[in-house]
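Structure at a glance
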Amino acid sequence: MKKILSLSACFFILTACILQCYAENTVLELSAPSAILMEASTGQVLYEQNSHERRPPASVTKIMTMLLVMEAIDNGTIKMDDMVRCSEKAASMGGSQIYLEPGEEMSVRDLLKAVAVASGNDAAAALGEFVAGSLEGFVAMMNERAKELGMNDTHFINCNGLDDPEHLTSAYDIALMSRELISHPGIFEFTTIWMDSLRGGKFGLVNTNKLIRFYEGANGLKTGSTGEAKYCLSASAKRNEMNLIAVVLGAPSSKDRFADASKLLDYGFANYAIANSLITEEELQPIKVLKGTQPQAAITTPGGYNVLVSKAKVNEIEKRISMPEELEAPVRAGEKIGEISFYIDGQQIGGTDVVAKDNVDKMNLFEMFTKLAKHLFYGEA
């Protein structure tokens, strides 16, 4: 029996743990006690140091705040141009702020800018209240979303990262939510800003993430620092097809966190690459369909696919194609037809399903008779 796959199951990316073996067993000298390097498109961890140790994240918390805001925008719940009225509670946050006054109105766009660039605690609180109706409701949303993303080391108490003994996460979990945030490309409108302003140019902004100006390919994401958390950073950078996320928690100084993140990113870009364009058009030629209303079924690979490999092995990828020579009608769009898998040294490093592009129905008796008649009298196939 043929199996029609659901949308969520028809495409898969496999990245093997053996990737670590292809680069030298490097131990990076980091000042931070906890860190991780993750490739965004595959979620592959390239380097880690106490990555599941639960620690206070300071304003790196705001990655989840921005994620929920971007999701609300993308699903139509709120709009960038919506005006948000600041409450007394939001205005009283303290710490890093843009000094919102109770009753002051600012657009969602400007508040997102204030969060991403200046780490405004008041702006984050105003956005949280706008999305969920209350800060308590927004924090509940944050924790629920964390569970959905598999952030098992995380418990949020607030939306801005102010110190609380129960407000904890890990470098690994921050990488997970960072990866999810950059799947919304609209966030780069804000996280890549170096200098800007609010209130018609009256309030200047300078990005707290110095890598945006000084690191090639940097496109985000968020800094954080408090007395308990020390200096934290989730840094994102993209070169060619590869976007890396480096998370540093508990660095002793601001300079150290940027140095650690740069070291992690340098390691990733030096040792790994994304291999794509591995499937040619000739390998996706239509397949013959028996007893179908169309003689052939067009095939495709659903969505994009990335294979992360060591740069030392990028030219050693072996491709294995499993595809039938013919199909029997009916064929349904999205139905799995075959597989293309990629290997290095006999180990599978990735792959994708091959699916039918369109429906091909089965001929009824009249259609079969008509086709037979045309073949007998006119020589048509």
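Heads up: the structure comes first, above all this text.
Notes on the structure follow. (Residues numbered from 1 in each chain as written. Predicted model: local features only at pLDDT ≥ 70, side-chain atom pairs only at ≥ 80, totals over all residues. Heavy atoms only, no water.)

This part is about the overall build of the protein. Counting its secondary structure elements, the protein contains 11 helices and 18 strands. Looking at the 381 residues of the protein, the share that counts as buried comes to 51%. Contacts spanning at least 24 positions in sequence make up 66% of the contacts within the protein whose residues lie at least 6 apart. Carbon and sulfur atoms form 50% of the exposed surface of the protein, whose accessible area is close to 17,800 Å². (Helix = DSSP H or I, 4+ residues; strand = E, 2+ residues; numbered from the N terminus. Buried < 20%, exposed > 50% of the residue type's maximum accessible area, 1.4 Å probe, protein only. Contact = heavy atoms within 4.5 Å. Areas by Shrake-Rupley, 256 points an atom, 1.4 Å probe, with all protein chains shown as cover.)

It is worth spelling out the pairing of strand E9 (residues 242–251) at this point. Here is the key point about a regular strand: its side chains alternate between the two faces of the sheet. Extensive coverage of E9 is indicated by the burial of 10 of its 10 residues. Relative to E9, strand E1 (residues 34–39) runs antiparallel, the two sharing 6 bridges. Residue Met38 lies in a different strand from E9, and its bridge partner there is Ile245. The sheet contact formed by strand E8 (residues 230–239) and E9 spans 8 bridges and is antiparallel. Within E9, the position partnered with Leu233 by the bridge is Val248. The antiparallel hairpin formed by E8 and E9 contains 2 residues in its connecting segment, where Asn240 sits at a positive phi of about 55°. (Pairing = 2+ DSSP bridges.)

Attention now goes to the packing of helix H2 (residues 62–74) against helix H5 (residues 121–132). The packing of two helices is summarised by the inter-axis angle and the distance between the axes. Remark: H2 packs on H5, axes separated minimally by 10 Å, with the N-to-C direction vectors making an angle of 40°. The orientation of H2 with respect to H5, classified from their angle, is oblique. Viewed along their axes, H2 and H5 form a crossing whose handedness is left-handed. Side by side, H2 and H5 meet where Lys62, Thr65, Val69 and Ala72 of the first sit next to Asn121, Ala124, Leu127 and Val131 of the second. (Axes fitted to C-alpha atoms, helices over the stretch in contact; angles between N-to-C directions. Parallel < 35°, antiparallel > 145°, perpendicular 65-115°, else oblique. Left-handed = near helix turned anticlockwise from the far one by under 90°.)

In this section: the sheet that holds strand E16 (residues 326–328). In spatial order, the strands read E12-E11-E16; together these 3 strands make up an open sheet with mixed pairing. Across the chains shown, the open sheet's two edge strands, defined by having one partner strand only, are strand E12 (296–297) and E16. Pairing analysis gives 3 bridges linking strand E11 (residues 287–290) to E16, with the strands arranged parallel. Directly across from Lys288, in E16, lies its bridge partner Glu326.

A few words on helix H10 (residues 254–271). An ideal rise of 1.5 Å per residue puts 26 Å on 18 residues; H10 measures up with 26 Å between its terminal C-alpha atoms. Burial in H10 covers these residues: Arg257, Phe258, Asp260, Ala261, Ser262, Leu264, Leu265, Tyr267, Gly268 and Phe269. (Expected span 1.5 Å × (residues − 1).)

Moving on to the nonpolar core. With 67 residues, the main nonpolar core has Met64, Ile98, Leu111 and Leu112 as its most contacted residues. Tallying contributions element by element places H2 first for this core, with 9 residues. The residues contacting Leu112, other than those within four sequence positions of it, are Met66, Val69, Met70, Ile73, Met80, Leu127, Ile187 and Phe190. Of all hydrophobic cores here, the second largest spans 29 residues; its members include Leu30, Leu37, Tyr47 and Leu244. (Core = buried A, V, L, I, M, F, W, Y, C linked by side-chain atoms within 4.5 Å.)

Function cannot be inferred from these measures alone, as they are strictly geometric.
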